[in-house]
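Residues per chain are reported as follows:
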Amino acid sequence: MAMALKRAAGQTADFLRDHAALLRKVQWVIVFFYLFLLIVPAAMPLPDNAASMLNNLTIMAQFAFWGIWWPFVLVSMPLFGRAWCGLFCPEGMLTEWASEHGRGKAIPKWIRWGGWPFVAFALTTIYGQLVSVYQYPWAVLAVLGGSTLGALVIGYLYGRKKRVWCKYLCPVNGVFNLLAKLAPWHYKVSEEAWRHPERRIESINCAPLVPLRNMKGAGDCHMCGRCSDYRGAIHLTPRSPEEEIVHIESGDHWQTALIVFGLMGLAVGAFLWSASPWFVTVKQAAATWLVERDIYWPLAQNAPWFILTHYPDVNDSFSWLDGAGILMFIFGAVVVVGGPLYIALWLADCLLPGVRAQETGKRASAAKWLGRFGRPGMHRLAQGLIPAAGAGVFLGLSATTLTLLKNEGMPMFWVTGTRFVILGLALLWSLRLVWRIVGKRRAHIGTQLTATFVVTLGLMPFCMAWYLFFVVW
């Protein structure tokens, strides 16, 4: 069975390598449909209450982007690695094309800053909530179109036939990098074969800038197949989905921030604020306080649509107070959900035998402040939380999928149970990974149990937030 899987994987990789021209044509078709769904709905009137996916392009595009594309691209990462990035992503195709015809300048230091995966994800998520990106085509054009424009500009300016945008600045690069570590496939490099190549030694272009000889995991690889059998040393190989997390990946400050404060804190706040009665209660109390003091400007709904949601024709506009409330709710989730989890990781690491900090050339000086409040071992522990973090983002995005399907008349009796099953399995997988990572530290069984229990306690606010969303609200 293992040999059959390995043979099939090798044949697949060789097919991708040998049919690169055909795949490029497929990518251009995807680019066309992406730009069509991005631009055309923005030029159309907003749909009325009778519109549906079957008779309105705007709602169909909304379902395509937020009901199918984003949730299931996330699912594809732990199943197939970053194959979406290498084979289908329109931004990846466009930035590489621009780089092929661009100026080819050296990549500046500011682009290579290690904090971009966290910062870009946070800013895009927050901005998307302020402009209601899941509901309105102009907001989609601003968020996704802005990202695509950035990919084109960066591609034109830097690198030659490279995906500099994808490597450093893409808002979801960090998320995809984390989830792809769970993939049961990776391109394995044989050091012996690399040193003594028997075939295919001509140079190849690794567009996502992966150091092929030293490639250990699947986080950065775009699974495009271009390097298959290069020097007779690189082959697509099946592996355990836990191998990279437990045996290879050590994590770093920014990945821990993205997992704990980004995916399990900020994203939770972004998904939950619109369903929370607490948000409405606090906003009404604040509005009353302002009116009693004759302070009316925060209640004005005069912000342009590209700053705050402003669609008076459909009676949907945010006041400045709404915007402030959304920001407070999201940052509150960062503190209330992410804070206890970060502390739990720190305490769990304190219980375990020490681990030596690994110096990597990637450590950015701007990230050192985070390291002062962390410990090298806790960043390795945080890697075990990737399944739970990914499941949370999927459940949040799929809420749009379910809303649109509900509007089309699909019964929803199965939803709550399915959500709990997905979240429960992801949490169990995360705790298993944490247990195995702790076990690598050669701790006494009692210490191993205690450390895992501490991390479990840290996950309680995260679990409670989703319980409120699934059942109470």
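For clarity, every value in this text was computed on a predicted model and none was experimentally measured.

Undergrad: What's the story with the overall build of the chain in this structure? I'm lost.
TA: Counting secondary structure elements, the chain contains 20 helices and four strands. A compact globule built from 473 residues should have a C-alpha radius of gyration of about 23 Å, and the chain, at 23 Å, falls within 12% of that. For the C-alpha atoms alone, the extent of the chain along its principal axes is close to 80 × 55 × 45 Å. Relative to its full complement of 473 residues, the chain shows a buried share of 53%. A sequence separation of at least 24 residues applies to 82% of the contacts in the chain between residues at least 6 apart. As displayed, the chain offers around 22400 Å² of accessible surface, 66% of which is attributable to carbon and sulfur atoms. Averaging the positions of the 41 positive and the 25 negative side-chain charges in the chain gives two centres separated by 9 Å.

Undergrad: What exactly am I supposed to notice about empty space enclosed by the protein here?
TA: Over the atoms, a rolled probe matching the size of one water molecule traces out where space is still vacant. Scanning all chains against the criterion turns up two cavities of 30 Å³ or more. Contributing to the lining of the largest cavity are 15 residues, with Cys206, Leu212, Cys221, Cys224 and Cys227 lying nearest its centre. Residue classes in the lining of the largest cavity are distributed as eleven nonpolar, three polar and one charged. Reported here for the second largest cavity is a volume of approximately 80 Å³. Along the wall of the second largest cavity there are 14 residues; nearest its centre are Thr58, Gln62, Tyr136, Pro137 and Val140. In terms of residues, the lining of the second largest cavity owes the most to one element, helix 3 (residues 57–80), which gives five residues. Broken down by class, the residue content of the lining of the second largest cavity amounts to eleven nonpolar, three polar and no charged.

Undergrad: Looking at this model, I keep getting lost on the packing of aromatic side chains. Mind explaining?
TA: We describe a pair of aromatic rings using the distance from one ring centre to the other and the angle between the two ring planes. Applying the stated criterion across every chain yields a total of 33 aromatic pairs. On the basis of an interplanar angle of 75 degrees and a centroid distance of 5.5 Å, the ring pair of Trp113 and Trp254 is categorised as edge-to-face. Placement of the pair is Trp113 in the loop between helix 5 (90–100) and helix 6 (116–130) and Trp254 in helix 12 (residues 253–272), with a sequence separation of 141 residues. With relative accessibility at 25%, the residue Trp113 sits in the partly exposed group. Taking the centre distance of 6.1 Å and the plane angle of 55 degrees together, the rings of Phe469 and Phe470 count as tilted.

Undergrad: Got a minute to help me understand helix 20 (residues 460–472) in this structure?
TA: Residues spaced three or four apart along an α-helix point in a common direction, a consequence of the helix completing one turn every 3.6 residues. For helix 20, the set of buried residues is Phe462, Ala465, Trp466, Leu468, Phe469 and Phe470. Residues of helix 20 that are buried make contact with helix 12, helix 13 (277–292), helix 14 (320–351), helix 17 (386–407) and helix 18 (415–439).

Undergrad: Before we go on, may I ask you to explain the confidence of the model for the chain in this structure?
TA: Parts of the prediction with low pLDDT should not have their coordinates interpreted in detail. A residue-level look at the chain finds 95% of positions with pLDDT of 70 or above and a mean pLDDT of 91. For residues 356–372, every residue scores under 50 in pLDDT, and the model assigns this stretch 18 contacts once sequence neighbours within four places are set aside.

Undergrad: For this particular structure, what's the right way to read the packing of helix 14 against helix 16 (residues 376–383)?
TA: Axis separation between helix 14 and helix 16 bottoms out at 8 Å; the angle between their running directions is 120 degrees. The orientation of helix 14 with respect to helix 16, classified from their angle, is oblique. Here the hand of the crossing between helix 14 and helix 16 comes out right-handed. Residues Tyr342, Leu345, Trp346, Ala348 and Asp349 of helix 14 touch helix 16, and the partners they reach there are Gly377, Met378, Leu381 and Ala382. Looking at side-chain class alone, the contact of helix 14 with helix 16 contains seven nonpolar, one polar and one charged residues.

Undergrad: So what exactly am I meant to see when it comes to the pattern of salt bridges here?
TA: Note that side chains of opposite charge can pair when their charged atoms are close. With the rule as written, the count across this model stands at 15 salt bridges. Of the charged contacts in the structure, one is a salt bridge between Glu191 and Arg195, with a shortest N-O distance of 3.7 Å. One end of the pair, Glu191, and the other, Arg195, are both in helix 10 (residues 191–195), four residues apart, so they sit about a helical turn from each other. Linked through salt bridges whose partners overlap, the residues forming this network are Glu191, Glu192, Arg195 and Arg213.

Basis of the calculations
Residues numbered from 1 in each chain as written. Predicted model: local features only at pLDDT ≥ 70, side-chain atom pairs only at ≥ 80, totals over all residues. Heavy atoms only, no water. Helix = DSSP H or I, 4+ residues; strand = E, 2+ residues; numbered from the N terminus. Rg over C-alpha atoms; globule rule 2.2 N^0.38 Å. Buried < 20%, exposed > 50% of the residue type's maximum accessible area, 1.4 Å probe, protein only. Contact = heavy atoms within 4.5 Å. Areas by Shrake-Rupley, 256 points an atom, 1.4 Å probe, with all protein chains shown as cover. Lys, Arg positive; Asp, Glu negative; His and termini not counted. Charge placed at Lys NZ, Arg CZ, Asp CG, Glu CD. 1 Å grid on protein atoms, 1.4 Å probe; cavity = no way out; pocket = protein on both sides within 12 Å on 5 of 7 lines; lining within 4 Å. Points joined across faces, edges and corners; volume = space filled by probe spheres on them. Nonpolar A, V, L, I, M, F, W, Y, C, P; charged D, E, K, R; others polar. Phe/Tyr/Trp six-rings, centres within 6.5 Å; stacked < 30°, edge-to-face > 60°. pLDDT = per-residue confidence, 0-100. Axes fitted to C-alpha atoms, helices over the stretch in contact; angles between N-to-C directions. Parallel < 35°, antiparallel > 145°, perpendicular 65-115°, else oblique. Left-handed = near helix turned anticlockwise from the far one by under 90°. Salt bridge = Lys/Arg side-chain N within 4 Å of Asp/Glu carboxyl O.

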